[in-house]
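Structure at a glance
So the chains spell out like this:
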Amino acid sequence: GAVVSQHPSWVICKSGTSVKIECRSLDFQATTMFWYRQFPKQSLMLMATSNEGSKATYEQGVEKDKFLINHASLTLSTLTVTSAHPEDSSFYICSARDGGSPYVEQYFGPGTRLTVT
Amino acid sequence: QKEVEQNSGPLSVPEGAIASLNCTYSDRVSQSFFWYRQYSGKSPELIMSIYSNGDKEDGRFTAQLNKASQYVSLLIRDSQPSDSATYLCAVQEGAQKLVFGQGTRLTINP
């Protein structure tokens, strides 16, 4: 149980274009999903918390107009990196919390490696 | 933001020995604590959760929590080369966020 998928697993795009990453909970309803970014040899950095049917809550320093998050259903959240630049190249990982669980553990997707050329 | 501190390592342990990973946290009201394992190039995988003081055992893994000392640890018995990874300590902040430590890189030497 508690499987989270992400698509695509890796993507290369040109500077100035936009990229959409999907995060799906496969066997549970995720009322809350989280988007993280991880640079090489660094820990996870929370970008935003996404609640189904409402606007995402962004962490300080994260540009909400650049990183668009949509959580339209209990099993799907998307992150769109708009006007991507080389400095946006990173490992983007989503996680989900099981809405039916009283606990707050998060289950991670496999991640999306973004390279902007 | 609340802090979670881990020794970044690397921590080298011979195969078959016990690996001990430690974590301290700053938020006294935190109630939920987790250990995640992350292999190089992969995303984190939940291996242990602990919510009350004391020990919690799951196979070769034991999590230990001491809320008074704001300390949580993970013991790995009979360490295997496949246990070589970065171990992330995570502490609940607020209603549902997790704060992660920097991670401890563990190497099990055959």
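It should be noted that the structure appears before, not after, this text.
Right, let's walk through the structure included here. Here the residue numbers are simple positions, counted from 1 along each chain's written sequence. Labels are handed out in written order, letters beginning with A for the chains and numbers beginning with 1 for the ligands. Predicted model: local features are reported for residues with pLDDT of at least 70 only, side-chain atom pairs are reported and counted for 80 or more only, and whole-chain, interface and lining totals are derived from all residues. Processing note: side-chain calculations cover all non-hydrogen atoms of the structure and skip hydrogens and water entirely.

In this text, helices come from DSSP runs of H or I with a minimum length of four residues, and strands from runs of E with a minimum of two, each type numbered from the N-terminal end. Each helix and strand in chain A was counted, giving zero helices and eleven strands. Reading the secondary structure of chain A in the N-to-C direction produces β-β-β-β-β-β-β-β-β-β-β. Within these notes, the globule rule equals 2.2 Å times the number of residues to the 0.38 power, and the radius of gyration is based on C-alpha atoms. Since a compact globule built from 117 residues should have a radius of gyration of about 13 Å, the 13 Å found for chain A is in line with a globular shape. Along the first, second and third principal axes, the C-alpha set of chain A runs to 40 × 25 × 20 Å. Here, residues are in contact when the closest pair of their heavy atoms is within 4.5 Å. Intrachain contacts of chain A at a sequence separation of at least 6 include 54% that bridge at least 24 residues. Per element, the accessible surface of chain A, about 5,700 Å² overall, is 52% carbon and sulfur. Across chain A, the centroid of the 10 positively charged side chains sits 6 Å from that of the 10 negatively charged ones. For the accessible areas, the method is Shrake-Rupley and the probe is 1.4 Å, while residue cover comes only from the protein chains on display. The charge count treats Lys and Arg as positive and Asp and Glu as negative. His and the chain ends do not count. By convention, the point assigned to a charge is CZ for Arg, NZ for Lys, CD for Glu and CG for Asp.

Our focus in this paragraph is the nonpolar core. For our purposes a nonpolar core is just a set of buried Ala, Val, Leu, Ile, Met, Phe, Trp, Tyr and Cys residues, chained together by side-chain atoms within 4.5 Å. Throughout, exposure labels follow a simple rule: accessible area from a 1.4 Å probe, protein chains only, divided by the maximum for the residue type, with under 20% read as buried, over 50% as exposed, and the rest as partly exposed. One finds W35, Y58, F67, I69, L79, Y92 and L114 of chain A to be the most contacted residues of the largest nonpolar core, which totals 25 residues. Elements represented by at least two residues in this core include exactly β2 (10-13), β3 (19-25), β4 (30-38), β5 (45-51), β7 (67-73), β8 (76-81), β9 (90-98) and β11 (112-116) of chain A. Each residue touching F67 of chain A, except ones within four places of it in the same chain, is listed here: R37, M47, Y58, V62, L79, T80, V81, D88 and Y92 of chain A. In this structure, L21, Y25, V72 and L74 of chain B belong to the second largest nonpolar core, which totals 24 residues.

Once that is clear, we can look at the environment of P86 of chain A. All names here are of chain A. Note that P86 resides in the loop between β8 and β9. For P86, a relative accessible area of 44% gives the class partly exposed. Put simply, P86 and W10 are 76 residues apart on the chain and 15 Å apart in space, counted from C-alpha to C-alpha. With residues near it in sequence (within four places) discarded, P86 still touches S15 and V116.

All names here are of chain A. Here the residue pair H7 and P8 is connected by a cis peptide bond, since its omega of 0° sits within 30 degrees of zero. Position of P8 relative to the elements: it lies in the loop between β1 (4-7) and β2. A positive phi angle is found at K41, which is not glycine, with a value near 60°. For K41, the position within the fold is in the loop between β4 and β5.

Each strand in a sheet pairs with its neighbour through backbone hydrogen bonds, running either in the same direction (parallel) or in the opposite one (antiparallel). Residues and elements named next belong to chain B. Strand order in the open sheet formed by five strands is β1-β3-β8-β7-β6, and the pairing between neighbours is antiparallel. Each of the sheet's edge strands pairs with one partner strand only, and the pair in question is β1 (4-6) and β6 (54-58). Strand-to-strand twist across the sheet, computed as the mean angle between neighbouring axes with direction ignored, equals 20°. Summarising the sheet, β6 and strand β7 (residues 61-66) pair through five bridges and their orientation is antiparallel. For K56, the partnering residue across the bridge sits in β7 and is A63. Any two strands with at least two DSSP-identified bridges between them are counted as paired. Whenever a helix is involved, its axis is fitted only over the stretch in contact; in every case the axis is a line through C-alpha atoms, and angles between N-to-C directions fall within 0 to 180 degrees.

A few words now on the layout of surface pockets. Gaps left between atoms are located by rolling a probe of water-molecule size over the structure's atoms. For cavity detection a 1 Å grid was placed over the protein atoms alone, and a set of points counts as a cavity when a 1.4 Å probe fits there but cannot get out; an open set counts as a pocket when protein lies on both sides within 12 Å along at least five of seven lines, with lining residues being those that have an atom within 4 Å of a point. Grid points are joined across faces, edges and corners, and a volume is the space filled by probe spheres set on the points. Space inside the largest pocket adds up to approximately 620 Å³. Put simply, the parts of the chain that give the lining of the largest pocket at least two residues each are β9 and β11 of chain A together with β9 (85-93) and β11 (104-109) of chain B. Per-element accounting of the lining of the largest pocket gives the leading share, three residues, to β9 of chain B. When residues are sorted by character, Ala, Val, Leu, Ile, Met, Phe, Trp, Tyr, Cys and Pro go into the nonpolar class, Asp, Glu, Lys and Arg into the charged class, and all the rest, Gly among them, into the polar class. In the lining of the largest pocket, the residues fall into eight nonpolar, twelve polar and four charged.

This part takes up the interface of chain A and chain B. Residue-level contacts link 23 residues of chain A with 20 residues of chain B. Note on chain A versus chain B: buried area summed over both sides is about 1,600 Å², and carbon and sulfur give 56% of it. Of all residues in chain A, S43, V104 and F108 of chain A bury the most surface against chain B, accounting for 31% of the area lost on that side. We define a salt bridge as a side-chain nitrogen of Lys or Arg found within 4 Å of a carboxyl oxygen belonging to Asp or Glu. Viewed at the interface, chain B and chain A are joined by one salt bridge. Of the charged contacts, one joins K97 of chain B and E59 of chain A as a salt bridge, the two residues approaching to 3.1 Å between their closest N and O atoms. Polar contacts, as used here, are pairs of N or O atoms within 3.5 Å; protein pairs need one atom able to donate a hydrogen and one able to accept it. Residues neighboring in sequence count only if both atoms are side-chain atoms. One can count ten residue pairs in polar contact (both at pLDDT 80 or more) joining chain A with chain B. Listing elements by their share of the side of chain A that touches chain B, those giving two or more residues are β4, β5, β9 and β10 (107-108) of chain A. Its residues assigned to classes, the side of chain A that touches chain B shows eleven nonpolar, eight polar and four charged. Summed over both partners, buried area is the accessible surface (1.4 Å probe) that two parts give up on being assembled.

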